[in-house]
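Structural characterization, general
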Amino acid sequence: MFSNYIKTAWRTIAKNKAFSLINILGLTIGITVCMMIYLFIMNEFSVDKFHKNGDHIYRVMRGIEVDSKSMNIAYLSGMQAPALLNDFKGQIVSAVRVGQNDNLFSVGTKSFHEKKELDVDPGFFSMFSFPLIKGSAGEALNDLNSVVLTESTAKKYFGSAEEAMGKIITMNKTTPMKVTGVAKDPGVNSHLDFDIVTSLERYKEASWMTNWVNNGVYTYVQLAPTVPATQIEKALPAFVEKYMGAELRKFGFHWNLSLTPLKDVYFDSKAGDNVRHGDKTVVYIFLSIAILILLIACINFMNLSTIRAAERSKEVGLRKVFGAMRNSLVRQFIGESVLLTTMACLLSVAFLLLVMPWYNQLLGYSLTVSWNKWPIYLFLIGIILVVGFLAGSYPAFFLSAFSPIQALKGKLKLGRGASSFRQALVVVQFSISAFLIIGTIIITKQMNYVKSKQLGYNDQQIIVIPIDNSDIYKNLNRFKTGLQAETGVQSVSVVSGEPGGFFDSNTFDVEGHLEKQNASTECADFELVKTLGLNIIAGRDFSAAYPTDSTDAVLINKTAASKFGWTPEQALGKSIFNLVRDAHKRRVVGVVEDFNFQSLKQNINALVISPVNDKRQILVKLNAGNLQSNLELVKNAYAKAAPAYPLEYRFLNEQFENLYRKDIRQQRILSVFAGLAIFVACLGLFGLASFTANKRFHEIGVRKVIGASSQSIVLLLSKDLLKPVLIATCIALPAGYWAMHQWLQNFAYKTGLEWWIFLLAAIIIFGIALLTVSVKAVKAAMANPVKSLRSE
């Protein structure tokens, strides 16, 4: 019986090739998008799920208060992990500290600057289930100078994992380290990404390993299976008071500790860390888009099936006369739908394989399809069944309900109800399409606004060089002095953070305030204002003409002056004391105009610029002209200062891509999906236009004979089809306004939602629909009326 259904369904599909092709193409696009989103979502929600003890692993977070706002930060002092193990014996079974680093590693003549280095405690590979190809998880990092490479890193240095074991690799040209393990590459399903792992013990004398209020490592704890996290968290306030209470009060800090489950770390993007993070909002947006596009494809099927009802009415009537039951007819029509969906599903698999390289490039990382595992096949079967029944259910029950007598007499009429339902489905389709177009336009406009906004500093011709090795750190003055003597270099500044990068937040004693004040901090030399082209609105810049500026002076921005209750002029001469960095009070010597040193998603914060020694980045302002020759000057100077290290730099104006990478990715993906949604919706509209033209074939002939123009016939055919598109646009505009207004709240600086954006979206959606309908309407209007009247 099942084979008979398949044969009947196949004959029906073959008989109606045009409609079947439209349905298959629409479903193929919808299912392909669903598969793309499915792979993305599965990857996002599988991050860190592979760890054997993952349900009992937590990351310890440090809660702080900044301007009455609470934040959870991932960085802790290295002293906390041993203390936690000591104070929670039996409850915390292990604790591992993880620090991120980068160093130069060499083997023979090969040298590589490894930027994905982790410095960890020996229990790292025992707590986390990163599989070791070679070596023992419990012993690989027991020795101070042991190192574990990933498989790809081992191949890079030694050709294979087997060859790497036991070999010596030199760190920073001075420290020999023995390869004691080779781990599989962590891939995209881990929030911790690394190429090389070394012992944290080498940094036991660092300030963040010996001071309770200096923070530089992530701390992970594994709880005993019977111990709930809440039990530990209840005791953490007493732990904080015991070890840090006095120091916190001394510096005016308000800290607390909490535990974040390992499975939640990936989506905790506000932890101020430097690990891989996802965004649940993006996941839900993508999921919604996939469902909407698939819904559009299903609506196409339902619409095109119902408008063919009149053509299939005699078939239904005959089958009923010969004894076919309604259930049998329902099964047949749903079988056709499932068969069409299966064909579309097979095509979508081929299409997915074709677009995967492009999709991976768009996402920024590689997704793989696990064809040897059952979830992907369950997903495809689920799609076939759900879409097959969803798309086929209404046509099946609609067609099987025909009266056999009326159907055989040819007197069957679809009625106003069926027409209204079809129009309602078109409204849904184009509402979705118009909504996606509005989203695409506004996100594109916001990204262009962010990119072109005046930031308050000059980011042109400035390169950023990280101070990431001991050679450049030791020879920094020689490097800077040498560059400043070059005609191709305008200025050089050494800073703790570049605009768009990381800025410390410190606590200050401020003149005239009993309560301690928080502000962002920039540690910089005397050339910062000149290099960035900052505008001083009161007072003066740092100057070598004032020998005490290095120890006694600060600059603040306009927001800081306002926060502290001063006008820019009143701020001059006021005292300010950094509780962490300063030995004594400093005086404000100048106020700079506000500039966006952070993302435009944030309002400008109070900023204190202090000539304190905290060297992390070098800003080199090049003179306009021959860029390549000027860069060559920088490379030569760097080669003299740090001969063992390659120069690595980036342009300051490229920070845009780094700060808004996720938003730009959303914009591109939304643009593609909006285009696909419109295309699928227009396929259905084209099918409706074809049906309308065929249905009114004789009427068009009569109208032309009695003198109707082609233009009037095109208008006649188009207006009924475009009416639901107009209604859809009216629905989508307010919905799009509300949704994009909510999205723009992520930005402190945002573009306006001007009326022309929505007019443009309406014109685009209406224009595309009109073009789709007109193709068929014009063809019908230009046809010879004799052909349509010959059979009368």
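In this text, all values refer to a predicted model and were calculated from it rather than measured experimentally.

Another aspect to go through is the overall build of the protein. Counting its secondary structure elements, the protein contains 28 helices and 22 strands. Sorting the 792 residues of the protein into buried and exposed places 52% on the buried side. Across the protein, the fraction of contacts at a sequence separation of at least 24, relative to all contacts at a separation of at least 6, is 79%. Summed over all atoms, the accessible surface of the protein reaches about 36000 Å², with 58% contributed by carbon and sulfur.

So, about the environment of Leu144. Its place among the elements puts Leu144 in the loop between strand 5 (132-134) and strand 6 (146-150). Note on Leu144: relative accessible area 41%, which makes it partly exposed. If we skip the residues at most four places from it in the chain, Leu144 touches Ser199, Glu201 and Arg202.

The next point concerns the nonpolar core. Membership of the largest hydrophobic core comes to 114 residues, with the highest contact counts inside it found for Phe40 and Phe430. Those residues in contact with Phe40, other than ones at most four positions away along the chain, are Val282, Val283, Phe286, Tyr359, Leu363, Tyr365 and Leu367. Within the second largest apolar cluster, 31 residues are counted, among which are Val213, Leu223, Phe253 and Leu579.

Now for the side chain of Asp119. Inspection of the secondary structure puts Asp119 in strand 4 (residues 110-120). Assessed through its relative accessible area of 3%, Asp119 is described here as buried. A polar contact of 2.9 Å, which involves the side chain of Asp119, links it to the side chain of Asn101. If near-sequence neighbours (up to four positions away) are discounted, Asp119 is found in contact with Arg97, Val98, Gly99, Asn101, Thr198, Ser199, Leu200, Arg202 and Tyr203.

This part covers the state of the cysteines. Counted by the stated rule, this structure contains zero disulfides. Cysteine Cys298 is unpaired, with the sulfur of Cys34 as its nearest cysteine sulfur at 8.7 Å. Judged by its relative accessible area of 2%, Cys298 is buried.

What follows deals with the layout of surface pockets. The calculated volume of the second largest pocket comes to roughly 740 Å³. Lining the second largest pocket we find 22 residues, and of these Ser46, Asn189, Thr368, Ser370 and Lys373 sit closest to its centre. Sorting the residues of the lining of the second largest pocket by element identifies helix 2 (17-46) and helix 13 (374-400) as the ones contributing at least two each. Top contributing element to the lining of the second largest pocket by residue count: helix 2, with five residues. Partitioned by chemical class, the residues of the lining of the second largest pocket number 12 nonpolar, seven polar and three charged.

Let us look at a nonpolar patch on the surface. Together, Trp755, Trp756, Leu759, Leu760 and Ile763 line one region of the surface with nonpolar side chains, adding up to about 550 Å² of accessible area. Structurally, Ile763 can be placed in helix 27 (residues 755-782). By relative accessible area, which is 52% here, Ile763 ends up exposed.

One non-glycine residue, Asn172, adopts positive backbone phi at about 55°. Tracing the backbone through its elements, the reader meets Asn172 in the loop between strand 7 (168-171) and strand 8 (175-183). Asn172 gets classed as buried once you look at its relative accessible area, which sits at 17%. Even without a glycine there, the phi angle at Gln461 is positive, about 65°.

Before going further, it helps to spend a moment on the packing of aromatic side chains. In total, this model carries 31 aromatic pairs according to the counting rule given. Taken together, a centroid distance of 5.1 Å and an interplanar angle of 90° make the contact between Phe130 and Phe194 edge-to-face. A residue pair is termed long-range when its members are at least 10 positions apart, and Phe130 in the loop between helix 4 (124-127) and strand 5 and Phe194 in the loop between strand 8 and strand 9 (196-199) qualify at 64 residues. Using a relative accessible area of 4% as the deciding quantity, one classes Phe130 as buried. With relative accessibility at 1%, the residue Phe194 sits in the buried group. Grouped by ring-pair contacts, the aromatic residues Phe50, Phe124, Phe125, Phe128, Phe130, Phe194 and Tyr220 constitute a single cluster. Here Lys601 stacks its cationic end above the ring of Phe747, 5.2 Å away from the centre of that ring.

On the basis of which strands lie adjacent, the open sheet formed by four strands has the order 13-21-12-22 and antiparallel pairing. Edge strands, defined here as strands with exactly one partner in the open sheet, are strand 13 (489-495) and strand 22 (650-651). Both strand 12 (residues 462-466) and strand 21 (residues 617-622) contribute to a ladder of five bridges, which runs antiparallel. Of the residues in strand 21, the one forming a bridge with Ile462 is Lys621. Contacts from helix 22 (residues 627-641) reach strand 12, strand 21 and strand 22, with the element oriented near 145° to strand 21.

The axes of two packed helices give the description: the angle between them and the distance between them. The contact between helix 17 (residues 476-484) and helix 22 brings their axes to 9 Å, and the two run at 155°. What the angle tells us is that helix 17 and helix 22 run roughly antiparallel. In terms of crossing hand, the pair formed by helix 17 and helix 22 is right-handed. Contacts between helix 17 and helix 22 involve Arg478, Phe479 and Leu483 from the former and Leu633, Val634, Ala637, Tyr638, Lys640 and Ala641 from the latter. Considering only residue class, the contact of helix 17 with helix 22 consists of seven nonpolar, no polar and two charged.

Scanning all chains against the criterion turns up 25 salt bridges. Arg202 is the partner of Glu117 in a salt bridge, and the nearest nitrogen-oxygen pair spans 3.6 Å. Here Glu117 is found in strand 4, whereas its partner Arg202 is found in the loop between strand 9 and helix 7 (207-210), with 85 residues between them in sequence. Residues Asp264 and Lys263 are paired through a salt bridge, measuring 3.6 Å at the closest nitrogen-oxygen approach. Since its relative accessible area comes to 32%, Asp264 is described here as partly exposed. On the basis of relative accessible area, Lys263 is assigned to the partly exposed category, the value being 44%. Taken together, the shared-partner salt bridges in this structure form one network comprising Asp504, Arg581, Asp614 and Arg616.

Analysis parameters
Residues numbered from 1 in each chain as written. Predicted model: local features only at pLDDT ≥ 70, side-chain atom pairs only at ≥ 80, totals over all residues. Heavy atoms only, no water. Helix = DSSP H or I, 4+ residues; strand = E, 2+ residues; numbered from the N terminus. Buried < 20%, exposed > 50% of the residue type's maximum accessible area, 1.4 Å probe, protein only. Contact = heavy atoms within 4.5 Å. Areas by Shrake-Rupley, 256 points an atom, 1.4 Å probe, with all protein chains shown as cover. Core = buried A, V, L, I, M, F, W, Y, C linked by side-chain atoms within 4.5 Å. Polar contact = N/O pair within 3.5 Å; in protein donor to acceptor, adjacent residues only side chain to side chain. Disulfide = S-S within 2.5 Å. 1 Å grid on protein atoms, 1.4 Å probe; cavity = no way out; pocket = protein on both sides within 12 Å on 5 of 7 lines; lining within 4 Å. Points joined across faces, edges and corners; volume = space filled by probe spheres on them. Nonpolar A, V, L, I, M, F, W, Y, C, P; charged D, E, K, R; others polar. Patch = residues over 30% accessible without salt bridge, like charges linked within 9 Å, V, L, I, M, F, W, Y side chains within 5 Å. Salt bridge = Lys/Arg side-chain N within 4 Å of Asp/Glu carboxyl O. Phe/Tyr/Trp six-rings, centres within 6.5 Å; stacked < 30°, edge-to-face > 60°. Lys NZ or Arg CZ within 6 Å of the ring centre and 35° of its normal. Pairing = 2+ DSSP bridges. Axes fitted to C-alpha atoms, helices over the stretch in contact; angles between N-to-C directions. Parallel < 35°, antiparallel > 145°, perpendicular 65-115°, else oblique. Left-handed = near helix turned anticlockwise from the far one by under 90°.

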